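# Notes for the structure review
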Amino acid sequence: MDYKLGLIGYPIQHSLSPWIHEQFLQSANLTGSYSKFEIAPDQSFAAKMEMLKESQIDGFNITVPYKETIIPYLDEIDDAAKKMGAVNTVVNRNGLWIGYNTDGSGYVRALESKFPALFTAGPKRILIIGAGGAARGIYYALITNGNTYVDIANRTVASAMDIASLKKTDTITQILTLSEAEEVLADYDLIIQTTSVGMRPLTTEKVLSLHNLKQGCIVSDIVYQPLETAFLTEAKTLGGQIHHGHTMLLYQAQYAFEIWTNKRVSLANMDEQLQHILEGR
Ligand code: ATR
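Here goes a summary of the coordinates provided. (Residues numbered from 1 in each chain as written. Predicted model: local features only at pLDDT ≥ 70, side-chain atom pairs only at ≥ 80, totals over all residues. Heavy atoms only, no water.)

### Description of unusual backbone geometry
- Omega for the peptide link from Tyr 10 to Pro 11 comes to -5 degrees, which places this bond in the cis form.
- Relative to the helices and strands, Pro 11 is located in the loop between strand E1 (2-9) and helix H1 (17-27).
- Val 64 connects to Pro 65 through a cis peptide bond whose omega is 5 degrees.
- Along the chain, the position of Pro 65 falls in the loop between strand E3 (59-62) and strand E4 (76-77).
- One non-glycine residue with positive phi stands out, namely Gln 56, at about 55 degrees.
- Relative to the elements of secondary structure, Gln 56 occurs in the loop between helix H2 (45-54) and E3. (Helix = DSSP H or I, 4+ residues; strand = E, 2+ residues; numbered from the N terminus.)

Structure below.
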């Protein structure tokens, strides 16, 4: 079969998804294509969806600003995507469009691949910094993975409380301000930075100071431009183990590709190649 895959969003000219999925098709020994379907704000979203339905596309990704807009066009939506209120992957199963969200679970997979013992060697105390869409996906993926202690720190406490309403019966979640989090940082084994603070061009900014970091704590940042944020550099200096955010692009895509083709492709040396691409930007 010739897989017809693609991406909708705006703007998407510089998206890395075509590069990633074309590599996946090759390494899975499948034929097909992954095309960009850019939908500008002045274009009709409904008309584009009709065109995609008629083309019998096998699957596609959805990026900003359409992760919510797509929902009324779906026939089914999986639990995680429903809880997120956002869909980043659609699969066509016998003419029915089914929506998934691989953002949070892809991120957790990326973390686990770098730190394989992270979620198996006893319960971990986790802090998520930020309470936007990315934090929501990661929080849900972490608690679904069986993590009990997942706290959230955010500038706006109300948004953190909203995310915490997803918690399961055995989840323990405290909500903190950013300055409260700074004070108790030594309590955590894993800290995940999900805000846009530190992203190019404001690369010297940090959402909070890590001076109270526990030695060996894993510190992850979803910002990947620059590849190593000031937040991660500080973590490294203070004895933390760092996790670069760009790997989530690969794992989210790996998960989406699996939904479309039932094949889990190896990411082999794609991490290095992706770093080169991002460094050249
Ligand atoms: P995404 O969907 O990509 O996660 P978002 O919904 O815009 O992005 O969320 C951005 C997050 O970054 C929020 O947690 C935001 O904090 P608020 O909820 O208080 O707005 C956080 N954020 C953005 N700029 C910030 C800054 N300068 N200092 C602290 N937090 C910031």
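More follows now that the structure is in view.
### Side note on the side chain of Asp 58
- For Asp 58, the position within the fold is in the loop between H2 and E3.
- Buried and unpaired, Asp 58 has no salt bridge, with Lys 4 as the nearest side chain of opposite charge at 6.8 Å.
- Apart from the residues lying within four places of it in its own chain, the contact partners of Asp 58 are Met 1, Asp 2, Tyr 3, Lys 4, Leu 5, Val 90, Val 91, Asn 92 and Trp 260. (Buried < 20%, exposed > 50% of the residue type's maximum accessible area, 1.4 Å probe, protein only. Lys, Arg positive; Asp, Glu negative; His and termini not counted. Salt bridge = Lys/Arg side-chain N within 4 Å of Asp/Glu carboxyl O. Contact = heavy atoms within 4.5 Å.)

### A look at the packing of helix H4 (residues 103-114) against helix H5 (residues 133-144)
- Across the interface, H4 lies against H5 with an axial gap of 7 Å and an inter-helix angle of 65 degrees. The interaxial crossing formed by H4 with H5 has right-handed handedness. Residues Gly 104, Ser 105, Tyr 107 and Val 108 of H4 lie in contact with H5, whose contacting residues are Gly 137, Ile 138, Ala 141 and Leu 142. (Axes fitted to C-alpha atoms, helices over the stretch in contact; angles between N-to-C directions. Left-handed = near helix turned anticlockwise from the far one by under 90°.)

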